Structures are given as structure tokens and as C-alpha cells.
Amino acid sequence: MRAESSDAPLSVGIDLGTQGVQVVLLGIDGKVAATGTAPLKSIRLGVRHEQDPEGWWKAIGRAARQATAELGGREVSGLAICSTSGTFLLADTSGNPFTPAFMYNDGRAKEESTLVQEVGAELWDSLGYRMQPSFALPKLLWVLRSGVKGASRLMHQADYVASRLAGKPVATDWSHALKTGYDLVNDCWPVEVLERLEIPVKLLPPVVRPGTRVGEVSEAAAEYTGVPAGTPILSGMTDGCAAQIAAGALKEGQWNSVLGTTLTLKGVTNKLLKDPTGAVYCHRHPDDGWLPGGASNTGARIISEKFPDYDVEELDKKAKQHGPAKMVMYPLAGEGERFPFANPKARGFRLGEPEDETDYYRAILEGVAFVERLCFVHLESLGAEVSGPVALAGGGARSAVWAQIRADVLGMPVVIPRYSGGAVGMAILAHAGGGSVTETATRMSQVGSRFEPCEDCSVRLADNFDQLVQAFVERGYISEDLAKRARMP
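An account of the accompanying structure is given in this report. Note that this is a predicted model, so its numbers are computed, not measured.

### A closer look at the packing of helix α8 (residues 239-247) against helix α13 (residues 422-432)
(1) Moving on: Running from amino to carboxyl end, α8 crosses α13 at an angle of 70 degrees, the nearest separation of the two axes being 7 Å. In terms of axis orientation, α8 runs roughly perpendicular to α13. Between α8 and α13, the contacting residues are A242, A243, I245 and A246 on the first element and G422, V424, G425, M426 and I428 on the second.
(2) Moving on: For the contact of α8 with α13, the per-class residue count stands at seven nonpolar, two polar and no charged.

Structure follows, in C-alpha cells:
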């Protein structure tokens with residue numbers, strides 16, 4: 001894709017997702033100048049989820065060459081990378097992969113997560129979260145316990161690609177380091193906890209603020225990607241934070257909701273939120289304050305599973321005409337939930353039977369919106385401000401009927417940025433560099449469309465929502481107190 005030309009510098013944003021890579025060239029006016037994409041493959045077997053790091057590099061090359069074909073000799077001011085939170089590999093001293101990449105939702109470290117939580121309970125409490133099997137630190141302990149020896153360095157997904165671009169290992173950022181146990185309050189690795197877990201501290205990389213220059217694109221990487229040699233490489237953030245930057249939701253009360261395979265909410269608070277249930281955790285704001293949020297395992301994944309060969313646009317049209325579903329659904333694919341409650345044994349369910357395929361589809365859309373509302377209620381119960389509007393991103397934001405349902409269920413306006421996604425967020429971060437990310441994002445982010453809540457529709461959806469909330473209470477997923485807060489008026 002190409003936009004109007006300009007002589008102003010461009011920045012490069014790279015998003016390493018689960019299913020693919022996106023590279024974006026972004027102008028200082030916030031307009032996308034060019035994009036490139038390439039798919040990624042995973043190895044999945046039960047709770048095991050791995051990817052080949054070399055596959056990331058090949059995809060980066062393909063996607064970057066697509067985007068930079070439109071560069072036309074223009075200056076590139078910087079490059080930043082986001083990736084899935086909790087994904088890492090072990091490497092040798094030169095940064096060559098020593099293991100496959102253990103993905104963000106690999107679930108093999110259940111036993112280790114319990115041990116890590118117990119050993120570092122005081123620290124995790126001070127940081128406001130509980131260790132989970134999906135976090136990188138328990139998975140690292142699992143890898144070391146499995147007999148892997150001789151590795152020299154842990155690399156998060158974004159670190160590895162940045163290192164390939166620079167031609168040598170680079171520092172990580174405090175966003176990617178969070179799930180590896182980095183102490184965001186004291187800005188250091190928790191040496192005592194790591195030693196008690198018998199995890200070598202020397203494995204862990206140096207950590208810097210997002211937007212810090214950590215290297216520059218090498219001659220070899222420039223030839224491979226088309227990104228000019230010498231382009232500054234800036235430390236990035238995880239994918240959820242990157243999407244939040246793209247949406248310009250970096251001031252207190254503002255929120256970004258990314259609906260893709262899963263549902264991720266990110267907002268801003270001046271104080272560190274501490275969630276005793278472990279569902280919410282806070283990233284550190286690149287400027288000041290905190291970025292609380294959480295990720296639900298519900299999302300669009302269940303649509304591709306239940307309706308693999310259907311025309312989604314046609315289903316959307318029918319769902320809009322259909323009105324509220326006759327069936328109520330908790331659309332969880334697989335086992336385990338992280339947000340608005342943390343329960344590794346949670347399973348999806350439905351209340352009643354669908355009258356037809358359209359009703360089933362509509363129930364999925366509503367179910368995700370109901371979970372989203374409950375997430376916001378949980379955040380408010382912790383002291384977060386939720387004033388709206390909520391900026392929507394991810395593949396789910398392409399559905400107008402879903403956006404309207406979400407506005408109706410949330411009871412506040414939702415907006416869809418003209419440009420969204422992690423790659424755009426990282427390009428904005430690259431433009432900001434060591435300056436204010438908030439000011440840069442506010443200036444560069446552009447609203448594409450806005451959906452206002454319909455009071456009559458909200459009333460019609462309230463009964464379905466209340467049924468789901470009560471079902472959560474009966475299954476022990478949420479407390480009666482949260483249920484009372486959540487019920488729609």
C-alpha cells in the first residue's frame with residue numbers, strides 16, 4: 001500500500017504477531033506510506049506452542065522488502081519492534097538460536113509457575129500481579145529444568161530480530177522484560193529471587209526504556225531488508241502496548257481494546273494497580289505512570305473455528321438484522337482464562353440453543369463484548385478510570401456490527417483509528433525516540449470512525465449479559481461483588 005509522497009523522514013515499525021509479520025513505513029503526519037506482510041508458522045501440540053526464530057527472520061525479510069520498495073530514497077529516522085508478550089528463546093553469545101522460540105501461550109510451565117509465584121511472592125505482590133504459566137520466567141525455569149545447557153542469553157522475540165538487524169545482541173526493553181520477572185518499580189532484575197530459583201542471572205539481557213537507541217541497521221541487514229544501513233534501532237514494547245500507542249490512548253482514562261485471536265485491554269493510570277486475582281498487571285509507561293491491562297483468551301479465534309468456510313461479511317449483515325441473540329455464550333476457545341478472571345481450568349459454555357447459524361454467530365459477538373464489559377468493570381473495581389471513548393483495534397475492529405454491539409454493551413462511545421496495530425505503534429515510538437511518546441502519539445493518531453451507544457439496544461442486551469454474569473458466579477469464576485458491579489442498568 002502506498003500513500004502520498006513527502007520529503008519528510010519516515011520511521012519503520014515492525015510487528016511480530018502469532019500468524020504473521022507486518023512492517024510499516026510511517027510519515028511524521030501519521031499517514032502510512034507503505035506496508036509489507038508475511039506469514040508465520042507455528043508448531044502446536046497440546047499445550048506446546050513453538051516457532052522457529054529463523055522463520056521470523058525470513059518473514060521480516062519478505063515483509064520489509066515489500067514496504068521498502070516504496071521508500072524511494074527517503075530518509076528513515078528510526079525503527080522499533082513489538083512482539084508477543086512472554087515469547088522468548090535462548091541463544092549463544094553471538095545471538096544465534098540455541099532453542100526454538102517458546103511462544104506467549106505455551107502452557108508447559110504450570111508446575112514452574114506455582115514455584116516461581118511462591119519464591120517471589122513478595123516481589124510479585126509489590127508489582128501487582130501473579131506469575132502465570134504463560135509468563136516467560138516460569139517457562140524459562142521449565143526449559144532449564146528440561147535439561148537445556150550451554151545457552152548464554154535469553155532473547156525476547158523482538159530482541160532477537162533487533163539483534164539480527166544490528167548484527168549483534170542488543171538490550172531489551174522493560175515492556176518485553178515484564179513477564180521475565182523484571183522489577184519495574186526498582187528498575188532491575190530481581191537477583192535474589194532468580195538465585196533462589198537457580199536461574200543464572202547472566203542469561204538475562206540489559207534492560208532500557210522503550211524508545212532508547214540500542215543499535216543501528218548493519219550493512220548486511222540493510223541489503224536483506226531494504227532498510228537503510230545506519231538506521232537507528234530503538235527498543236520497542238510488547239504488542240498490546242504497541243497497539244495502545246497506535247490508538248493514541250496514552251492519557252489517564254483512555255483505553256485501547258485489541259480484538260484479534262484474543263482480546264487485550266490497555267489503559268493508563270497514574271498509580272500502579274495491584275490486582276489480588278492476578279488478572280490485571282501493569283506495564284510501565286514510557287513517559288510517566290503505568291499502563292494497566294490484561295488479555296482474555298476469548299476473541300475472534302472461535303469464529304474461525306466455528307465458521308471456517310463462511311463469508312464473515314455476510315454473517316455480519318445477518319447479525320445486524322437479527323438483533324440480540326436468543327442464546328447466551330461464553331466464547332472461550334480451548335481451556336483456561338486470564339482476564340477478567342484468572343482460571344486455568346475455565347471452559348467456554350452456552351446457555352440455551354441457537355435458533356440458527358446467524359443466532360450462533362451473533363451470540364459469539366455479544367459474548368466477547370460481554371467479557372469486554374466485565375474486564376472494564378474489574379478494572380474500575382481496582383481504581384482505574386474508565387471514561388472512554390474506547391479505541392478499537394485488531395481484526396475484530398473491521399466489523400461494524402461488532403463495533404456497534406461493543407458500544408451498546410459498554411455504554412460508551414468506541415472509536416476506530418484510521419491506522420492501527422502494533423507496527424504503526426512502533427513507528428510512532430520510533431518517531432518519538434527519547435521524547436514524549438504521549439505527545440507524539442496524540443499528534444499522529446487519526447480517528448477513522450466512531451460508534452455511539454444505542455440506549456434501546458443496551459436495554460435489550462442487558463438480560464443476556466446478566467445471564468452470563470450469573471453463570472460466571474455459579475461456576476465460581478467471579479465473585480458476587482463483581483457481578484453486582486457489572487450488571488447492566
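### Points about the nonpolar core
(1) Moving on: Counting residues in hydrophobic clusters, the biggest one holds 103 residues, and the most contacted among them are W124, L137, L140, Y330, F376, F472 and I478.
(2) Moving on: At 14 residues, the largest contribution of residues to this core is made by helix α11 (residues 357-381).
(3) Moving on: With residues near it in sequence (within four places) discarded, F376 still touches W255, L265, V386, V390, L410 and M412.
(4) Moving on: Among the nonpolar cores identified, the runner-up in size contains 42 residues, and A33, A101, M103 and V217 belong to it.

### Some details on the pattern of salt bridges
(1) Moving on: Tallying each qualifying case throughout the model produces 16 salt bridges.
(2) Moving on: One salt bridge connects K326 with E355, and the closest N-O pair in it is separated by 4.0 Å. You can see K326 sitting in the loop between α10 (312-322) and β18 (328-337) and its partner E355 sitting in the loop between β19 (343-351) and α11, a full 29 residues away along the chain.
(3) Moving on: When the shortest N-O distance is used, the salt bridge between R487 and E480 registers 3.2 Å.
(4) Moving on: Residue class for R487 comes out partly exposed when judged on its relative accessible area of 27%.
(5) Moving on: A cluster of three or more residues bridged by salt bridges with shared partners is formed by R48, E50, D106 and R108.

### Remarks on the sheet that holds strand β21 (residues 414-417)
One key point about sheets: their strands pair by backbone hydrogen bonds, in either a parallel or an antiparallel sense.
(1) Moving on: Here we have seven strands laid out as an open sheet, ordered β16-β17-β15-β14-β20-β21-β22, and mixed in their pairing. The sheet is open, and its two borders are formed by β16 (281-284) and β22 (447-451), each paired with just one other strand. Averaged over all neighbouring strand pairs, the angle between strand axes comes to 25 degrees, with direction disregarded.
(2) Moving on: Pairing geometry for strand β15 (residues 263-267) and strand β17 (residues 290-296), over four bridges, is antiparallel. Residue pairing for β17: L263 is matched across the bridge by S296.
(3) Moving on: The sheet contacts of α11 involve β14 (255-259), β15, β17 and β20 (390-393), and relative to β15 the element is tilted by about 30 degrees.

### Notes on a negative patch on the surface
(1) Moving on: A cluster of like negative charges, contributed by E122, D125, E192 and E195, occupies part of the molecular surface.
(2) Moving on: Among the elements of the structure, α3 (121-127) and α6 (191-196) are those that each provide at least two residues to the negative patch.
(3) Moving on: For D125, the location among the structural elements is in helix α3.
(4) Moving on: In this structure D125 comes out as partly exposed when scored by relative accessible area, which is 47%.

### Thoughts on the side chain of S175
(1) Moving on: Following the sequence through the fold, S175 ends up in the loop between β10 (172-173) and α6.
(2) Moving on: In this structure the side chain of S175 is engaged in a polar contact, spanning 3.2 Å, whose partner is the side chain of H283.
(3) Moving on: Leaving out residues up to four positions away in the same chain, S175 has contacts with M237, T238, C241 and H283.

### Looking at the pairing of β16
(1) Moving on: Where β16 lies against β17, four bridges are found, and the strand directions are antiparallel. From the neighbouring strand, R284 faces β17, where its bridge partner is W290.
(2) Moving on: Hairpin connection of β16 to β17: five residues between the antiparallel strands, including G289 at a positive phi of 95 degrees.

### Considerations on the packing of aromatic side chains
(1) Moving on: Taken as a whole, this structure holds 21 aromatic pairs when the rule is applied.
(2) Moving on: Measuring from ring centre to ring centre gives 4.9 Å for Y330 and F472, while their planes differ by 85 degrees; the resulting arrangement is edge-to-face. Of the two residues, Y330 is situated in strand β18 and F472 in helix α15 (residues 455-474); the sequence distance between them amounts to 142 residues. For the pair Y330 and F472, one class covers both residues: buried.
(3) Moving on: On the basis of an interplanar angle of 25 degrees and a centroid distance of 5.0 Å, the ring pair of F341 and Y477 is categorised as stacked. You can see F341 sitting in the loop between β18 and β19 and its partner Y477 sitting in the loop between α15 and α16 (480-486), a full 136 residues away along the chain. Each of the two residues, F341 as well as Y477, counts as buried.
(4) Moving on: Its end group placed over the ring of F349, R475 keeps NZ or CZ at 3.8 Å from the ring centre.

What counts and how
- Residues numbered from 1 in each chain as written.
- Predicted model: local features only at pLDDT ≥ 70, side-chain atom pairs only at ≥ 80, totals over all residues.
- Heavy atoms only, no water.
- Axes fitted to C-alpha atoms, helices over the stretch in contact; angles between N-to-C directions.
- Helix = DSSP H or I, 4+ residues; strand = E, 2+ residues; numbered from the N terminus.
- Parallel < 35°, antiparallel > 145°, perpendicular 65-115°, else oblique.
- Contact = heavy atoms within 4.5 Å.
- Nonpolar A, V, L, I, M, F, W, Y, C, P; charged D, E, K, R; others polar.
- Core = buried A, V, L, I, M, F, W, Y, C linked by side-chain atoms within 4.5 Å.
- Buried < 20%, exposed > 50% of the residue type's maximum accessible area, 1.4 Å probe, protein only.
- Salt bridge = Lys/Arg side-chain N within 4 Å of Asp/Glu carboxyl O.
- Pairing = 2+ DSSP bridges.
- Patch = residues over 30% accessible without salt bridge, like charges linked within 9 Å, V, L, I, M, F, W, Y side chains within 5 Å.
- Areas by Shrake-Rupley, 256 points an atom, 1.4 Å probe, with all protein chains shown as cover.
- Lys, Arg positive; Asp, Glu negative; His and termini not counted.
- Charge placed at Lys NZ, Arg CZ, Asp CG, Glu CD.
- Polar contact = N/O pair within 3.5 Å; in protein donor to acceptor, adjacent residues only side chain to side chain.
- Phe/Tyr/Trp six-rings, centres within 6.5 Å; stacked < 30°, edge-to-face > 60°.
- Lys NZ or Arg CZ within 6 Å of the ring centre and 35° of its normal.

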